[in-house]
Amino acid sequence: MSRKYRLGMILASFFFVACSLSPEQAAMVRSVELPDLALTNATYVLNRGEDHPISILAGHIALYDTSHKAEAASITFTQNDAQGNVVLRGSASAANVDLQSYDAQLHGSVTIEKIKEQLFIEADRLQWLHEEEILISEDQTEVVITYEGNKKVRGTGLRVELATSQVSFDEVIEGVVLP
């Protein structure tokens, strides 16, 4: 082997050693999870077969296969009945969704409206429990419910059974909820 070749190999090995990450840096790089799929201005249709599908329009959606999570930003959603009439609509600044259970955390200017029941919900944060079809307000987040067009209730500890439109609060701050 020529002397020039050996010198080149030694210099190359120094270069690779100098450029490698420390174990701490390597662990930090591996802890950042990149989405498996990222979509912009996308429409996602949630159809689990037991009810009418929900159409979700998002400014950005990131899907993570290994953790079975989705993150969405600037979302609006609608659900139509068999005749094509909108029965449910809403929006949120962001959402985190478990792609196995379809439970979701909705954040930032959350609105949900059941058209036929004239039920309108406004909050900064809501949790959706898909299997039970229940909306829950988180912690002491204030929620405003408007029903029958002009009656309002403001409170904390909201629980709404969306299938039956039954609403309850842990604490009513303003308004009256009839039993």
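Quantities reported herein were computed from a predicted structural model and do not represent experimental measurements.

We now examine the pattern of salt bridges. For the coordinates displayed, the defined rule picks out six salt bridges. Among the ionic pairs, K114 bridges to E117, the shortest N-O distance being 3.7 Å. Judged by its relative accessible area of 11%, K114 is buried. A residue is classified by how much of its surface remains accessible, and E117, at 35% relative accessible area, is partly exposed. A salt bridge links E142 to R154, with the shortest nitrogen-to-oxygen separation between them at 2.7 Å. A residue pair is termed long-range when its members are at least 10 positions apart, and E142 in the loop between β7 (134–137) and β8 (143–147) and R154 in strand β9 (residues 151–156) qualify at twelve residues. Classification of R154 as partly exposed rests on a relative accessible area of 25%. Taken together, the shared-partner salt bridges in this structure form one network comprising E142, R154 and E174.

Quick notes on the rules
Residues numbered from 1 in each chain as written. Predicted model: local features only at pLDDT ≥ 70, side-chain atom pairs only at ≥ 80, totals over all residues. Heavy atoms only, no water. Salt bridge = Lys/Arg side-chain N within 4 Å of Asp/Glu carboxyl O. Buried < 20%, exposed > 50% of the residue type's maximum accessible area, 1.4 Å probe, protein only. Helix = DSSP H or I, 4+ residues; strand = E, 2+ residues; numbered from the N terminus.

Honestly, it's all geometry; don't read function into it.
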